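An overview of the molecular structure
Chain by chain, the residues run as shown.
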Amino acid sequence: MTDDGPVEVVRRGYDALSWRYRADDADAGQYAPWIAELSAAIPPHSRVLDIGCGCGVPVARDLTAAGHRVTGVDLSDVQIERARRLVPGATFICADATTMAFPPESYEAVVALYSLIHVPMPDQSALLRAIAGCLVPDGLVLLTAGWKAWTGADSAWLGGTATMWWSHADVATYRRWLADAGLDVTREEFVPEGTSGHSLFWARRG
Ligand SMILES: C[S@@+](CC[C@H](N)C(=O)[O-])C[C@H]1O[C@@H](n2cnc3c(N)ncnc32)[C@H](O)[C@@H]1O
């Protein structure tokens, strides 16, 4: 870890590791049933906000192909440059999602897969409230969060040379934060990874 704060570490990390994380032509893999379920659960041509959209593959790509209007937000210039090239039918914004003022009640769904866990802990619950605020009433949320509390870094993640940083609260904390934000959890799954895993939440704005 350098003297930079965690947001800069994450930004620089994904600038360096974008292709190691996801190839241009990656298939949807474990995301395929999630994307299909989300797409079917929202009206045709829905507005979908993808927070921490990465290179746009597979979420923005597959939701755009299904006819939805996707806006992706990501911290990393490299991820956003790739997303604009790979998913020309969607809109992409290079920004720190925690500092954005999302338009109120403007999206039928918000997706945040494996991105909230890169946000510094004090900003995570605020981001969940911002997500709730930009959803239409009854709008849908699909997000990955932590399972066990853990904060740390890896200086050789994915076999690269850039440092990556994460901050996970435990799953009970995410349940509470979602409820406090006015998001009603409709389903929760444990997604195993290595010796631990993540929680996957489906929620609706109440
Ligand atoms: C693990 S990748 C996941 C990418 C994509 N959601 C997926 O599941 O394929 C996490 C992404 O979140 C982005 N990210 C992390 N913190 C962010 C923030 N504060 N604002 C916007 N994007 C962020 C990173 O730049 C990275 O592209």
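The residue numbering used here restarts from 1 in each chain and proceeds along that chain's sequence as written. In keeping with the predicted nature of the model, local features appear solely for residues at pLDDT of at least 70, side-chain atom pairs appear and are counted solely at 80 or more, and the whole-chain, interface and lining totals rest on all residues.

1. Quick look at the overall build of the chain
In this description a helix means any DSSP run of H or I spanning at least four residues, a strand means any run of E spanning at least two, and both kinds are numbered starting from the N terminus. Assigned secondary structure in the chain consists of six helices and nine strands. The size measure is the radius of gyration over C-alpha atoms, and the globule rule it meets is 2.2 Å times the number of residues to the 0.38 power. For the chain, whose C-alpha radius of gyration is 16 Å, the value lies close to the compact-globule estimate of 17 Å for 206 residues. Judged by the C-alpha coordinates and their principal axes, the chain covers about 45 × 40 × 30 Å. In this description, a residue-residue contact is defined by the distance between C-beta atoms placed from the backbone, which must lie within 7 Å. Excluding contacts between residues fewer than 6 apart, the proportion of contacts in the chain whose partners are at least 24 apart in sequence is 68%.

2. Regarding helix 5 (residues 121–134)
Helix span is expected to be 1.5 Å times the residue number reduced by one. Helix length check: helix 5, at 14 residues, gives a terminal C-alpha distance of 21 Å against a target of 20 Å (1.5 Å per residue), a fit within 8%. Where helix 5 is concerned, the buried positions are Gln124, Leu127, Leu128, Ala130, Ile131, Ala132 and Cys134. Where helix 5 is buried, its residues contact strand 1 (47–51), strand 4 (107–112), strand 5 (135–146), helix 6 (171–180), strand 8 (183–193) and strand 9 (196–205). Here a residue counts as buried when 20 or more other C-beta atoms fall within 10 Å of its C-beta, as exposed when 12 or fewer do, and as partly exposed in between; the C-beta atoms come from the backbone.

3. Let's talk about the site of the ligand
Should the C-beta atom of a residue, placed from the backbone, lie within 6 Å of a molecule or strand, that residue is near it. Lining the immediate surroundings of the ligand are 19 residues, of which Gly52, Gly54, Ala97, Leu113 and Ser115 lie closest. Listing elements by their share of the shell around the ligand, those giving two or more residues are helix 1 (6–21) and strand 2 (69–74). Residue composition of the shell around the ligand, by class: nine nonpolar, seven polar and three charged. Here the term charged refers only to Asp, Glu, Lys and Arg, the term nonpolar to Ala, Val, Leu, Ile, Met, Phe, Trp, Tyr, Cys and Pro, and the term polar to all other amino acids, Gly among them.

4. Details of unusual backbone geometry
Residues Val57 and Pro58 are joined by a peptide bond in cis, for which omega reads 5°. Tracing the backbone shows Pro58 in the loop between strand 1 and helix 3 (59–65). Located in the positive-phi region is Asp138, a residue other than glycine, with phi close to 75°. Within the element layout of this structure, Asp138 appears in strand 5. The phi torsion at Leu158 lies on the positive side, around 60°, for a residue other than glycine. Along the chain, Leu158 turns up in the loop between strand 6 (150–154) and strand 7 (164–168).

5. Digging into the sheet that holds strand 3 (residues 91–94)
Sheet strands associate in pairs through backbone hydrogen bonding, adopting either a parallel or an antiparallel arrangement. Pairing between strands requires that DSSP locate at least two bridges from one strand to the other. As summarised here, the arrangement of the seven strands in space is 3-2-1-4-5-9-8, forming an open sheet in which the pairing is mixed. In this open sheet, the two strands that pair with only one neighbour each are strand 3 and strand 8. Each adjacent strand pair in this sheet contributes to an overall mean axis angle of 15°, direction not counted. Running at roughly 170° to strand 5, helix 2 (residues 32–41) makes contact with strand 4 and strand 5 of the sheet. Axis lines are fitted through C-alpha atoms, for helices just across the contact stretch, and the angle between N-to-C directions can take any value from 0 to 180 degrees.

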